[in-house]
Number of protein chains: 2
Amino acid sequence: MAISVDTFFLELNGQGTLQAQIQQMIAEGILSGRFHVGEKLPSSRKLAAHLGVSRITVTLAYTELLANDYLTAKGRSGYFVSQNAPVPPKYMPLQRGTENVDWDAALARKFSGGDMLSKPRDWRNYRYPFIYGQADRNLFDHANWRLCAVRALGHKDFESLTTDYVDQDDPLLIEFIARHTLPRRGIAARPEEILITMGAQNALWLASRILLTHNRTAVIENPCYYSLRSLLEHWDCDVTPIPVDRDGLPPDALPDATDVIFTTPSHQSPTTATMPVDRRHKLLERARDLDAMVVEDDYEFEMAFLGAPSPALKSMDRDGRVIYVGSFSKSLFPGLRLGYMVGSEPFIREARALRSLVLRHPPGHIQRTAAYFLSLGHYDAQIRRMSKALANRRATLDKAIDEHGLTVAGRGIMGGSSLWMSAPDHVDTAQLARTLQGQSVHIEPGAPFFSGPDQPKNFYRIGYSSIRQDRIEPGVKLIAEAICAC
Amino acid sequence: MAISVDTFFLELNGQGTLQAQIQQMIAEGILSGRFHVGEKLPSSRKLAAHLGVSRITVTLAYTELLANDYLTAKGRSGYFVSQNAPVPPKYMPLQRGTENVDWDAALARKFSGGDMLSKPRDWRNYRYPFIYGQADRNLFDHANWRLCAVRALGHKDFESLTTDYVDQDDPLLIEFIARHTLPRRGIAARPEEILITMGAQNALWLASRILLTHNRTAVIENPCYYSLRSLLEHWDCDVTPIPVDRDGLPPDALPDATDVIFTTPSHQSPTTATMPVDRRHKLLERARDLDAMVVEDDYEFEMAFLGAPSPALKSMDRDGRVIYVGSFSKSLFPGLRLGYMVGSEPFIREARALRSLVLRHPPGHIQRTAAYFLSLGHYDAQIRRMSKALANRRATLDKAIDEHGLTVAGRGIMGGSSLWMSAPDHVDTAQLARTLQGQSVHIEPGAPFFSGPDQPKNFYRIGYSSIRQDRIEPGVKLIAEAICAC
């Protein structure tokens, strides 16, 4: 590739002769790793015109660099970065002034350092990846996704690809969600009551930003999805964690000051508990008494291979106080960053305006691709295939757990893709996870899911959405052995 | 398409016999528009099993609906929504309880109703679309974009497509930006100093959220990009608009309390003024004296067809106090939602953590597609093609403006894709725009760009990035005539 003339600038008050400055620019480009061996330099005519200097100045600079082995000349075709040019050190610090910003003062707010589960980047190389929430290459219908994506790149779809939607969504995707996805959860919604989001995380963020301020109280489940807790920390609101039981969040335990309730009734995260229908009614009654809003994260409802899922909490909501959050991260893949939220029109109007301020809209091409994948029936076929594979893996996993004497703390009655496990009290599962890593086993320590200073350390989560069926039993065996050795 | 059995639920305390309830569910599905003419109903066996009722109950319900013309039977292949079924009213309100949430109380914050330029959705049908910032079908290299997108969907790229990056970016894209894009602006940056964002809007939002609180002061240019003003309103900080002159933001006018300066030095938005190099140095000196941060929105630098662009403010920043914002919205297309920010590592670390809380990361497929498009050289070719077309249109526009006696208030000395215009004082350009709409001319009224209650009403912007060259002169003529008639 040729080096563009546009990357050269003369400094206003540069040191030395023009020729020396040009030499230096080129040498620095090579030393800093910007210019690679074999790349062609601009012609002396072009560079001279661009910098506003005489051509002979550039030619002299090039000749000097030739002599120093930075460049080579190939007859009439010009100058190239030489094979013998000095090699840039791998992590050479760039030359720049001493930065003198006082970052502690300049940063009005800090966001780094939250409680996060760190997933190993190379988890696909693990032999026993009991990882949660990642796409399985063998289950995802890559071929049809690709066909839909190509179709969405066609001339007919040029507008949906390129348009500045500002605050709109792809009408095809909205229609499909309204007509086919939501009715499966018992939810009837008009297009104005649906907003496409960058995954469930974005939906939870939008909802919390709209519903919370410093003088309001949010209730979260304990344990809960750690990223929800992290994002609530930044609104200066009170956050009250309520311990869940085997039926999920207990409505009686909600404090009187509650303004917003974050809950996962279908499949509590991470314990996988399903809230019974009568408790759902009680939760809604309690919310009405408190005049509180409810944010329902209905993740993974598609993976119901052990029993029909109950209708969503939102389907029982006569008041309009439930904000429903759905996602395609688990059923398609997380890198897609596509989810949706459903709520009453006054709420969705604010969420749409806020989304527009923060990021405008999820990219059109992705929305249209998903709309095709859903409407052509590939999505349903994929869910069936995934559910079948998950059911098989789950059976193998349940058997292996029995066999090796592990303790299940929560197992989704309708399916799902993970189990919530407990080790004996003295076991620190963060340490356990590190030990198992050495044996190519990945498990998720449970502590980050808990609120407060006394996080129990003996829980862990094992996912079965990305592990081969024949690896499950030997993997469980290794976990059991590692726990015994603690 | 068949209607899925999963969309049927029996209500816990439903009214009437089971048969009646099933009939009602189906009739409601048809009446509400969820079930379309010709769609196949689940077999009686399947639906009975799903609902846990006897098959004869379902069959009786179907027979009844057949008699009422909701359904038709096609021999052995089952029941379908009848052509003669009652047609749903177009905007039939869905049956639901009376919502009783007090939205004024429930919404802790409001975001809707900001100053926005509303673009007509059907602008492509306008004969004279002097619209700003949209993709031109004739200039965008759709064929190669498609090839890159398809390549990024390949098996080799499965990970970059599907992976849950959490807080990472596509290393290919980052490398290209660091090695090729930023050097054109005179900027040297390491990968840890670059963050991919959902367009420039998202970058401005992230920067403002990190740098501002209620006790800080932001300086913005007046006039400025209206969306920047809208997003700053929500951080409760002081916002001081500083009038720009023909060289952009005057450093001497910055008040002593300034904490963060938002500026567009290359190409002031919307006046298109380019800040001279010595003023840039003065601006940085003033920022150092104030210990203020600078957010540089370097939009449209690629469209420099009239003169070489000056290096970015960031390239002169020895302190690390400039946050640089770039975007592919103008050079590729706005629906892509892809931009980037460059800053010192302590800042980018916070921006990355905040982005992860809000939306995780821009979709992998889009990042990889852009990386291919850039690295295969299509991007540079496209910029050249666009610049050439814009130069031609600009020449035609300049000529037409002279001919018809319109007044230019600001024209980018290096190029760009718009002119900032003024009409006589008594003209309200919002009214003018409405009048011109009737003649299929689109212009942008200027008032939303100004801060404060006394927004001048006589400015307007005309874009030339989406209008055919032969339409420019007749369009300008219509604008001139409409102004005369005011």
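What you are looking at is a predicted structure, and each value in this text was computed from that prediction instead of being measured.

1. As for the UniProt feature "domain: HTH gntR-type" (unreviewed entry) in chain A
UniProt records the feature "domain: HTH gntR-type" (unreviewed entry) at residues 16–84 of chain A, using the numbering of this structure. Annotated as 51% helix and 9% strand, the span residues 16–84 of chain A places its first and last C-alpha atoms 26 Å apart.

2. So, the relation of the copies chain B and chain A
Note on the copies: chain B fits chain A at an RMSD of 0.2 Å, the axial shift is 0.1 Å, and the rotation between them is 180 degrees. Within this description, the copies of the chain are treated as partners about a two-fold rotation axis. When each C-alpha of chain B is compared by its distance to the rotation axis, V150 of chain B comes out closest, at 3.3 Å.

3. Here's the deal with the state of the cysteines
Residues and elements named next belong to chain A. Following the criterion strictly, the structure yields 0 disulfides over all chains and no others. Here C484 is not disulfide-linked; the sulfur of C486 is the nearest cysteine sulfur, at 8.9 Å. For C484, a relative accessible area of 69% puts it in the exposed group.

4. Here's the deal with the interface of chain B and chain A
Chain B puts 110 residues into the contact, and the matching count from chain A is 112 residues. Joining chain B to chain A, the criterion identifies 4 salt bridges. Inspection of the chain B/chain A interface yields 46 residue pairs in polar contact (both at pLDDT 80 or more). Sort the elements by how many residues they give to the side of chain B that touches chain A and helix α11 (residues 345–359) of chain B lands first, with 10 residues. Of the residues in the side of chain B that touches chain A, the class split is 49 nonpolar, 32 polar and 29 charged.

5. A short note on the pattern of salt bridges
Where charged atoms from two side chains of opposite charge come close, those side chains can pair. All names here are of chain A. Applying the stated criterion across every chain, the model contains 52 salt bridges over all chains. Residue R368 is joined to D170 by a salt bridge in which the shortest nitrogen-to-oxygen separation is 2.8 Å. Taken together, the residues R368 in helix α12 (residues 364–375) and D170 in the loop between α6 (158–162) and α7 (171–181) connect sequence positions 198 residues apart. In the salt-bridge network here, residues are joined through shared partners; they are R190, E192, E193 and E345.

Calculation notes
Residues numbered from 1 in each chain as written. Chains lettered and ligands numbered in written order. Predicted model: local features only at pLDDT ≥ 70, side-chain atom pairs only at ≥ 80, totals over all residues. Heavy atoms only, no water. UniProt positions renumbered as here; feature names shortened; annotations may be inferred. Helix = DSSP H or I, 4+ residues; strand = E, 2+ residues; numbered from the N terminus. Least-squares fit on C-alpha atoms with pLDDT ≥ 70 in both. Disulfide = S-S within 2.5 Å. Buried < 20%, exposed > 50% of the residue type's maximum accessible area, 1.4 Å probe, protein only. Contact = heavy atoms within 4.5 Å. Salt bridge = Lys/Arg side-chain N within 4 Å of Asp/Glu carboxyl O. Polar contact = N/O pair within 3.5 Å; in protein donor to acceptor, adjacent residues only side chain to side chain. Nonpolar A, V, L, I, M, F, W, Y, C, P; charged D, E, K, R; others polar.

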